[in-house]
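Observations on the three-dimensional arrangement
Next come the chains, spelled out residue by residue.
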Amino acid sequence: MKFNDVFVVDDDKVFHFIIKKLLMNNGIDVNPAFFENGLLAIERLKKKLENGESTPDLILLDINMPILDGWQFLEEFKRIKNKLEKDIIIYIVSSSDDKADKSKAKTFEDEVKNYYLKPMTAEDLRTIFAV
């Protein structure tokens, strides 16, 4: 699948920088938008829906964030996903290796495609973007 627009939802600016570098260094041509918490991302998603704009193809989602964490984002996403013009693929990208978090991610099996541990590697991105 070809991805164009990607939301990166993570409060870690270093992670934003790493993702930009990994995308560029691996020739992955996408348009990433960066959000520091789930609230900013869900608001942008809702605004895109209201304005009839194209929604992202892919979301890389952290779970431990201030204001609206990844789990809360997923709950909000479930409420609006039936309004989307296309399926959005979501990958959780977290520093949490906690079995409870991995188990909880499985309860969102209709929304979350996979769970990756930080730090993300070039191989992780090549797998996600099928490069």
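Everything in this summary refers to the structure shown in the same document. Small disclaimer: the values here were computed from a predicted structure and weren't measured.

Scanning the chain from terminus to terminus reveals five helices and five strands. Reading the helices (α) and strands (β) of the chain from amino to carboxyl end gives β-α-β-α-β-α-β-α-β-α. Principal-axis analysis of the C-alpha atoms gives the chain an extent of 35 × 35 × 25 Å. Taking all 131 residues of the chain together, the buried fraction comes to 46%. The long-range fraction of contacts in the chain, counting pairs at least 24 apart against all pairs at least 6 apart in sequence, stands at 72%.

Now for the pairing of strand 1 (residues 5–9). The two faces of a sheet get side chains in turn, since along a regular strand they alternate between them. Burial within strand 1 is extensive, with four of its five residues counted as buried. Direction of pairing for strand 1 relative to strand 2 (residues 31–35): parallel, over a ladder of five bridges. Across the sheet, the residue bridging to Phe-7 is Ala-33, located in strand 2. For the crossover from strand 1 across helix 1 (residues 13–25) to strand 2, the handedness is right-handed.

This part covers helix 2 (residues 38–50). Taking 1.5 Å per residue as the helical rise, helix 2 with its 13 residues ought to reach 18 Å, and the 18 Å between its terminal C-alpha atoms agrees with that figure. Listed as buried for helix 2 are Gly-38, Ala-41, Ile-42, Leu-45 and Lys-48. Each buried residue of helix 2 sits inside an arc of 120° when the element is viewed along its axis, so together they form one side. Looking at helix 2, the residues exposed on the side facing more than 90 degrees away from the buried face are Lys-47 and Glu-50. Positive backbone phi, approximately 70°, marks Gly-52, located one or two places after helix 2.

Right, let's talk about the side chain of Asp-124 for a bit. Topologically, Asp-124 is positioned in helix 5 (residues 122–128). Although Asp-124 is buried, it makes no salt bridge; Arg-126 carries the closest opposite charge, 9.0 Å away. The contacts of Asp-124, once residues within four sequence positions are left out, are Tyr-116, Leu-117 and Pro-119.

Criteria and thresholds
- Residues numbered from 1 in each chain as written.
- Predicted model: local features only at pLDDT ≥ 70, side-chain atom pairs only at ≥ 80, totals over all residues.
- Heavy atoms only, no water.
- Helix = DSSP H or I, 4+ residues; strand = E, 2+ residues; numbered from the N terminus.
- Buried < 20%, exposed > 50% of the residue type's maximum accessible area, 1.4 Å probe, protein only.
- Contact = heavy atoms within 4.5 Å.
- Pairing = 2+ DSSP bridges.
- Right-handed = clockwise from strand over helix to strand, strands pointing away.
- Expected span 1.5 Å × (residues − 1).
- Arc of directions from axis to C-beta.
- Lys, Arg positive; Asp, Glu negative; His and termini not counted.
- Salt bridge = Lys/Arg side-chain N within 4 Å of Asp/Glu carboxyl O.

These figures come from the coordinates and say nothing about function on their own.
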